[in-house]
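Architecture and fold: a report
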Amino acid sequence: MPQDPVDFEWSYWIEWGRERILWLLVGHLLVSQVSRFLVEKYKPWCLMVYGMAACWLLLGIKGFAVILLHATISFAVAQFQLSLLTWLCSLILLFTLRIPAVEEAKRNWYDTENEYYLLLFTVSVRCLFCTSFSLEYCWHGPAQKSSHSFLWMLAYVFYYPMFHNGPLMNFDEFSKQMRRQEAFSLKTNLSILTVGVIRIFFWWCLAELMIHLMYIHALYSSAPPLEAASYWALGGLALAQVLFFYVKYLVLYGVPALLLQMDGLKPPALPCCVSLMHSFTKMWRSFDVGLHCFLVRYIYVPMGGSQSSLLGMFFSTALTFAFVSYWHGGQSYLWYWGALNWLGVIVENGVKRILSISPIQDLI
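Note that the structure is predicted; figures quoted are calculated from it, not measured.

As a further point, take unusual backbone geometry. In this chain, Gly166 is followed by Pro167 through a cis amide linkage whose omega measures 5°. Within the secondary structure, Pro167 is located in the loop between helix H6 (150–157) and helix H7 (171–179). Non-glycine residue Gln81 carries a positive phi angle of around 55°. Relative to the helices and strands, Gln81 resides in the loop between helix H2 (43–78) and helix H3 (83–96). On the accessibility criterion, Gln81 (39% relative accessible area) is partly exposed.

Have a look at this one:
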């Protein structure tokens, strides 16, 4: 039975996974386990070298050079220890990805459009990693600078399981966990690997069944079926789409999360089931946990967050969603999406504040 071809993200990553990425992840696993067993002290550098080699193999020398250049520029700007300057650098680097002449030049490096998109997605995610490292560098004192060296930045930026599509882990968490040396247990690791592979295979089968049998995205791309459907049917289609999105990210984030566990790291929690969500705010907190932690730590809290006035909280939230929209591509529909998300969070928080007032509580 033919599958629904409209969901680009699933088709794209599954195709790349089958061709090369899955095999490179297996290679990372082997290097990781051997280095944990033989040279635990040098594990971060073994994994860094492997990540660089995998990047070179997959994206070519020019793609590798772009990512290395971004990391070098970010590190150089971080030396000024000014958070605002670091953010300006990060936004400019993201902006360069959307300059038509630069896009065309990068396209000419590769034989297929898919290879160019792999570079684009990878560099976009690497920008978040460079931003995390640079801001942590700005915020830490001279005594901690040795743990924020350029070598550690490269170990973080080129860590392969999170290289192409995330999930995101803040630098301080990555560094702290990577430095921690634990006793190597082959039996424990085999148990984690076996259970993890079975779970991911189940999620993958479920996603493939949904994409072969339900045709959710094909229906959404055609106006006549939607115009003819009842409101109940439209609601069902909407629910089916977000459920597929949830299962898709269980696979896309589940694979790197399993490898992080095998490396002795604690990965960000996998997405919560959307059917259990009743809160707009909770959806943002618990779907992409790594991205949420990044946004809260580096944008929302520094701008005042919930500890500031009501207008300050509105501004902090608006700035957070503005960055999310810009990072995802900055197209007009993404700004609308970001604005609607901001409005949803503001309305929900506003209602919660009203309901917490004593007279309203007494009435309830």
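What follows picks up the thread again.
This part takes up the packing of helix H8 (residues 186–213) against helix H11 (residues 231–262). Between H8 and H11, the shortest axis-to-axis distance is 9 Å and the interhelical angle comes to 160°. As the angle between them shows, H8 and H11 are arranged roughly antiparallel. Considering how the two elements wind past one another, H8 and H11 form a crossing that is left-handed. When H8 is examined against H11, the residues Asn189, Ile192, Leu193, Gly196, Val197, Ile200, Trp203, Trp204, Leu206, Ala207, Met210 and Ile211 are found in contact with a partner set consisting of Ala240, Leu243, Phe244, Val247, Leu250, Val251, Gly254, Val255, Leu258, Gln261 and Met262.

Per the UniProt annotation, the sites labelled "transmembrane region" (unreviewed entry) are residues 20–39, 46–69, 75–95, 116–135, 150–169, 190–211, 231–252 and 310–328. Helix makes up 81% of residues 75–95 and strand 0%. Its end C-alpha atoms lie 18 Å apart. For the annotated span residues 150–169, helix accounts for 40% and strand for 0% of the residues, and the straight-line distance between the end C-alpha atoms is 18 Å.

Attention now moves to the domain arrangement of the protein. According to the domain assignment, the protein contains domain 1 (8–180) and domain 2 (269–363). Between domain 1 and domain 2, the C-alpha centre-to-centre distance is 27 Å. With 17 residues of domain 1 at the interface, the matching set in domain 2 holds 12 residues. Carbon and sulfur atoms make up 65% of the area that domain 1 and domain 2 hide from each other, which totals about 1400 Å². Its largest share of buried area at the contact with domain 2, domain 1 owes to Trp87, Arg98 and Leu128, together 38% of the area lost on that side. Put simply, domain 1 and domain 2 have 1 salt bridge between them. Glu136 is the partner of Arg297 in a salt bridge, and the nearest nitrogen-oxygen pair spans 2.6 Å. Counting across the interface, domain 1 meets domain 2 through 9 residue pairs in polar contact (both at pLDDT 80 or more). Elements that contribute at least two residues to the side of domain 1 that touches domain 2 include exactly H3, helix H5 (113–139) and H7. Per-element tally for the side of domain 1 that touches domain 2: the top contributor is H5, with 8 residues. Residue composition of the side of domain 1 that touches domain 2, grouped by class: 10 nonpolar, 4 polar and 3 charged.

Here we take up the layout of surface pockets. Within this model, the largest pocket holds a volume of roughly 2000 Å³. In terms of lining residues, the largest pocket is bounded by 47 residues, among which Glu9, Phe245, Tyr249, His328 and Leu334 are the most central. At the level of secondary structure, the elements contributing two or more residues to the lining of the largest pocket comprise helix H1 (8–38), H5, H11, helix H12 (280–286), helix H13 (289–300) and helix H15 (332–355). Three or more residues apiece are contributed to the lining of the largest pocket by two domains, here domain 1 (8–180) and domain 2 (269–363). Lining the second largest pocket are 27 residues; nearest its centre among them are Leu22, Leu25, Ile200, Val251 and Val255. Broken down by secondary-structure element, the contributors of at least two residues to the lining of the second largest pocket are H1, H8 and H11. Top element by residues in the lining of the second largest pocket is H1. It accounts for 9 residues.

Topologically, Met210 is positioned in helix H8. Judged by its relative accessible area of 11%, Met210 falls in the buried class. As a C-alpha pair, Met210 and Val247 span 37 residues in sequence and 9.5 Å in three-dimensional space. Residues contacting Met210, with those up to four places away along its chain left out, are Tyr215, Ala240, Leu243, Phe244 and Val247.

Below, the discussion takes up the nonpolar core. Residues Phe158, Phe174 and Phe323 are the most contacted members of the largest nonpolar core, which totals 92 residues. Inspection of this core shows a minimum of three residues originating in each of domain 1 (8–180) and domain 2 (269–363). Contacts of Phe158, omitting those with residues within four sequence positions, involve Leu47, Met48, Gly51, Met52, Cys55, Phe64, Ile67, Leu68 and Phe163.

Okay, the environment of Pro268 next. Relative to the elements of secondary structure, Pro268 occurs in the loop between H11 and H12. The contacts of Pro268, once residues within four sequence positions are left out, are Pro167, Leu168, Met169, Leu260, Val289 and Gly290.

Moving on, we get to helix H14 (residues 310–327). Helix length check: H14, at 18 residues, gives a terminal C-alpha distance of 26 Å against a target of 26 Å (1.5 Å per residue), a fit within 8%. All buried positions along H14 are accounted for by Gly312, Met313, Ser316, Thr317, Thr320, Phe321, Phe323, Val324, Ser325, Tyr326 and Trp327. In this structure, the buried residues of H14 make contact with H3, H5, H12, H13 and H15.

With respect to the secondary-structure elements, His140 resides in the loop between H5 and H6. Within the structure, His140 has its side chain in polar contact with the backbone oxygen of Glu136 (distance 2.5 Å). Within the structure, the side chain of His140 is placed 3.0 Å from the side chain of Asp172, a separation counted as a polar contact.

Cut-offs applied
Residues numbered from 1 in each chain as written. Predicted model: local features only at pLDDT ≥ 70, side-chain atom pairs only at ≥ 80, totals over all residues. Heavy atoms only, no water. Helix = DSSP H or I, 4+ residues; strand = E, 2+ residues; numbered from the N terminus. Buried < 20%, exposed > 50% of the residue type's maximum accessible area, 1.4 Å probe, protein only. Axes fitted to C-alpha atoms, helices over the stretch in contact; angles between N-to-C directions. Parallel < 35°, antiparallel > 145°, perpendicular 65-115°, else oblique. Left-handed = near helix turned anticlockwise from the far one by under 90°. Contact = heavy atoms within 4.5 Å. UniProt positions renumbered as here; feature names shortened; annotations may be inferred. Domains from an automatic or database assignment. Buried area = accessible area lost by both parts, 1.4 Å probe. Salt bridge = Lys/Arg side-chain N within 4 Å of Asp/Glu carboxyl O. Polar contact = N/O pair within 3.5 Å; in protein donor to acceptor, adjacent residues only side chain to side chain. Nonpolar A, V, L, I, M, F, W, Y, C, P; charged D, E, K, R; others polar. 1 Å grid on protein atoms, 1.4 Å probe; cavity = no way out; pocket = protein on both sides within 12 Å on 5 of 7 lines; lining within 4 Å. Points joined across faces, edges and corners; volume = space filled by probe spheres on them. Core = buried A, V, L, I, M, F, W, Y, C linked by side-chain atoms within 4.5 Å. Expected span 1.5 Å × (residues − 1).

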